[in-house]
Amino acid sequence: MISSIGTNFLSNSLCGFSGRLRQSHRRFSAPFVVVSAATSSNGRPEKRNVTVLAESTLKEMRDAAAPVIGESTVSGGVEDVYGEDSATEDQAMTPWSVSVASGYTLLRDPHFNKGMAFAEKERDALYLRGLLPPVVVSQDLQVKKLMHNIRQYQVPLQRYMAMMDLQERNERLFYKLLIDNVEELLPVVYTPTVGEACEKYGSILRRPQGLFISLKEKGKILEVLKNWPEKKIQVIVVTDGERILGLGDLGCQGMGIPVGKLSLYTALGGIRPSACLPVTIDVGTNNEKLLNDEFYIGLRQKRARGQEYAELLNEFMSAVKQKYGEKVLIQFEDFANHNAFDLLAKYGSTHLVFNDDIQGTASVVLAGIMAALKLVGGSLAEQKFLFLGAGEAGTGIAELIALEMSKQTDIPLEETRKNIWLVDSKGLIVRSRFETLQHFKKPWAHEHETVRNIVDAVKAIRPTVLIGSSGVGRTFTKDVVEAMASFNEKPVIFALSNPTSQSECTAEEAYKWSKGRAIYASGSPFDPVEYKGKVYVSGQANNAYIFPGLGLGLIISGAIRVHDDMLLAASEALAAEVTQENLDKGLIFPPLTNIRKISAHIAAKVAAKAYELGLATRLPQPKDLVAYAESCMYSPSYRSYR
Ligand SMILES: NC(=O)C1=CN([C@@H]2O[C@H](COP(=O)(O)OP(=O)(O)OC[C@H]3O[C@@H](n4cnc5c(N)ncnc54)[C@H](OP(=O)(O)O)[C@@H]3O)[C@@H](O)[C@H]2O)C=CC1
Ligand SMILES: CC(=O)C(=O)O
Ligand SMILES: [Mg+2]
């Protein structure tokens, strides 16, 4: 049966399509490129000219359309179709044509490709006969085979490249693999391997996976955003590559980080891959090695600073809001601290933004401390904290801990901060240094005599919790750990710096030097350690536990701003997921195998806080936020195209 349409459904099929043959079909789980119309005089497709499609095809498309988190798939209407772009940007439209992604093309579209899992009837209907070997396999068998293949690679970077190839070839299989094998594959697509990948990005890059916005695009950023094929963007992770993990300035090659973070948004937090946009802002690099590397992919110039930098960032932030609306979440990632704090302060009140290194890290570490207190005893306010590293991570964590202490005790924030001490590259931050300190260090300049190094600082401050956030490896020496163990029955030690090479101490060192008494967690994972016949399993204190659930919570509530109370809610939700069984093993973070469930709980608490604070726009509030969060999560299982 044939149906003439100009209906809402086709409207939505065409949503955001604006004349240039963009890949609007990516919004659907069925392999259709549905774009067809002659244009009217004003450049808009005329409904009467919209090509007819078989009713059955339409029904299939309707059924298969991927849910847009926080919105109904078939909501909206004709206005949505022509959207913001149509009248303004694409006056010279070419006639559209209907096509169905099939055969050879289909096998090369990572959004729809299922490889040998295409069923017999799909092979007939979609012109795949002969293009695949005769055997039909299940997605589970594909996972088994790929895991076997990936395990053959001994070099981590080869595993990373195999995973990136898979993402480019078959997106659902990539996410199925990652979700089903999260503990094994997280270190491949994320820290530590992503660090090496960024260092070598120019050499290993096959197909760009995000948007590169350089100084060359100044004045044209809105146009650049329009080149991205997806229209319904919900999360952007953006870096300028100046502080990539603890590896320093990697310039444009920092792109591996937004790409990696966003694959975690999907795998761990259930955000649709097509709703995620990785962005790298390229303003040059001060990394001489890269500037002299013939394979370097970025602008070959020193970093732009001051007004030129600020203007580019401002144009980007404005363009994003104009293009995607005010509910798109922008995660700042791996900016150097001289820009990170200012960007957060500037855009925190106008955009839905958060800084993962400052705020996400704070939330995950606070959760770990809440869980650790169940082993150590005492309240948060009774602890004394010492940080090695007083940058984004260090001061961000310090501030959230002080805030939580203040909330728990009603003691003013200025007072609770006094339980927290930080060491930077010049030594302990003390009052006599106040005038020369960067603004984010000033609240931590307490009265104390000068202390030059971390061992002496540990001995002078006698902290119960020691946190490494310096980006410098092996700085928690034997002396440091032994000093912590000399006055703490259970010294709590976090070695947050990434990748593994920058970890302040290894798990083995922490357990050995504390004679098995340390409560230890690290930013990059370590294998279990055997010490004197006992096996010690350490947790991964990484913001990856927080940002996927935080982002999901913001999206499902339609939040318009990020608030500190949401970070505290996320910490509480994460800490609540640590079981007695975990604690008995010394684990202060729950196993990553349950991360999607954990993310749903974090999302629910964050969303509840958004409603409580009046920052949520998705009304009415769903009754059961955990169930709602779970129901919104992307599933990587294949869909039937028959
Ligand atoms: N596990 C996780 O989830 C996260 C981990 N991190 C890791 O934390 C590290 C730091 O990140 P971030 O805070 O953003 O970086 P910043 O550059 O903002 O801060 C680094 C801080 O370390 C200090 N420092 C550097 N070298 C030394 C040294 N030898 N001795 C003492 N202090 C030193 C710096 O001192 P000065 O100010 O004097 O220069 C600065 O205060 C990175 O390795 C990153 O990977 C970051 C975010 C999340
Ligand atoms: C984990 C992270 O965000 C970092 O190391 O920068
Ligand atoms: Mg980071």
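Residues numbered from 1 in each chain as written. Chains lettered and ligands numbered in written order. Predicted model: local features only at pLDDT ≥ 70, side-chain atom pairs only at ≥ 80, totals over all residues. Heavy atoms only, no water.

With that settled, consider the site of ligand 2. Around ligand 2 sit Tyr190, Arg243, Leu245, Lys261, Glu333, Asp334, Asp356, Asp357, Asn498, Asn542 and Asn543, and that is every residue in its neighbourhood. Residue Asp334 places a side-chain N or O atom 2.9 Å away from an oxygen atom belonging to ligand 2. Protein burial of ligand 2: of its 220 Å² of free accessible surface, 91% is covered by the chains. Among the residues making up the shell around ligand 2, the classes are represented as two nonpolar, three polar and six charged. (Near = heavy atom within 4 Å. Polar contact = N/O pair within 3.5 Å; in protein donor to acceptor, adjacent residues only side chain to side chain. Areas by Shrake-Rupley, 256 points an atom, 1.4 Å probe, with all protein chains shown as cover. Nonpolar A, V, L, I, M, F, W, Y, C, P; charged D, E, K, R; others polar.)

With that out of the way, let us pick up the packing of helix 8 (residues 156-169) against helix 9 (residues 171-180). As a packed pair, helix 8 and helix 9 sit with axes 5 Å apart at the nearest point and diverge in direction by 135°. Taken together, the axes of helix 8 and helix 9 are oblique relative to one another. Where helix 8 approaches helix 9, its residues Met163, Met164, Leu166, Gln167 and Arg169 are matched on the opposing element by Glu171, Leu173, Phe174, Tyr175 and Leu177. Grouping the amino acids of the contact of helix 8 with helix 9 by side-chain chemistry returns seven nonpolar, one polar and two charged. (Axes fitted to C-alpha atoms, helices over the stretch in contact; angles between N-to-C directions. Helix = DSSP H or I, 4+ residues; strand = E, 2+ residues; numbered from the N terminus. Parallel < 35°, antiparallel > 145°, perpendicular 65-115°, else oblique. Contact = heavy atoms within 4.5 Å.)

Here the focus is the coordination of the magnesium ion (ligand 3). Surrounding the magnesium ion (ligand 3) are the protein donor atoms Glu333 (OE), Asp334 (OD) and Asp357 (OD), which sit 2.0 to 2.1 Å from the metal. Binding-site remark: the magnesium ion (ligand 3) is held by donors from one chain whose sequence spacing is E-D-x22-D. Here Asp357 lies in helix 18 (residues 356-376) and Glu333 lies in the loop between strand 8 (329-332) and helix 17 (337-347), a separation of 24 residues in the sequence. Relative accessible area serves as the criterion here: at 6%, Asp357 is assigned to the buried category. (Donors = N, O, S within 2.8 Å, 3.2 Å for Na, K, Ca; no water. Buried < 20%, exposed > 50% of the residue type's maximum accessible area, 1.4 Å probe, protein only.)

Inspection of the secondary structure assignment puts Met566 in helix 25 (residues 564-576). Note on Met566: relative accessible area 0%, which makes it buried. Separated by 20 residues in the primary sequence, Met566 and Ile546 have C-alpha atoms spaced 11 Å apart. Setting aside anything within four residues of it in sequence, one finds Met566 in contact with Leu550, Leu554, Arg561, Val606, Lys609, Ala610 and Leu615.

In the vicinity of ligand 1, 27 residues are found, and the nearest of them are Arg243, Asn337, Ala390, Ser425 and Lys441. Ser470 places a main-chain nitrogen or oxygen 3.4 Å from an oxygen atom of ligand 1. Asn543 is positioned with one of its backbone polar atoms (N or O) 2.9 Å from an oxygen atom of ligand 1. When ligand 1 is considered free in solution it has 920 Å² of accessible area, and contact with the protein chains removes 83% of it. Contributions of two or more residues to the shell around ligand 1 are made by helix 18 and helix 19 (392-409). Classifying every residue of the shell around ligand 1 by side-chain character gives seven nonpolar, 15 polar and five charged.

Time to look at the confidence of the model for the chain. When the pLDDT values of the chain are averaged, the result is 88; 84% of them are 70 or greater. Segment residues 1-30 is flagged for pLDDT under 50; beyond a separation of four residues in sequence, or across chains, it makes 105 contacts in the model. In this model, residues 33-93 is a region of pLDDT below 50 whose contacts with residues beyond four sequence positions or in other chains number 149 contacts. The ipTM assigned to the predicted complex is 0.99, against a pTM of 0.89. (pLDDT = per-residue confidence, 0-100.)

Our focus in this paragraph is the pairing of strand 7 (residues 276-282). Along strand 7, seven of the seven residues are buried, which leaves the element largely enclosed by surrounding structure. Side chains Cys276, Pro278, Thr280 and Asp282 of strand 7 all project onto a buried face; the interleaved residues Leu277, Val279 and Ile281 project onto the opposite face, where all are buried too. Alignment of strand 5 (residues 211-214) against strand 7, held across four bridges, turns out to be parallel. Following the sheet pairing, Phe212 is matched in strand 7 by Thr280. Both strand 6 (residues 235-239) and strand 7 contribute to a ladder of five bridges, which runs parallel. Bridging across to strand 7, Val237 finds its partner in Pro278. (Pairing = 2+ DSSP bridges.)

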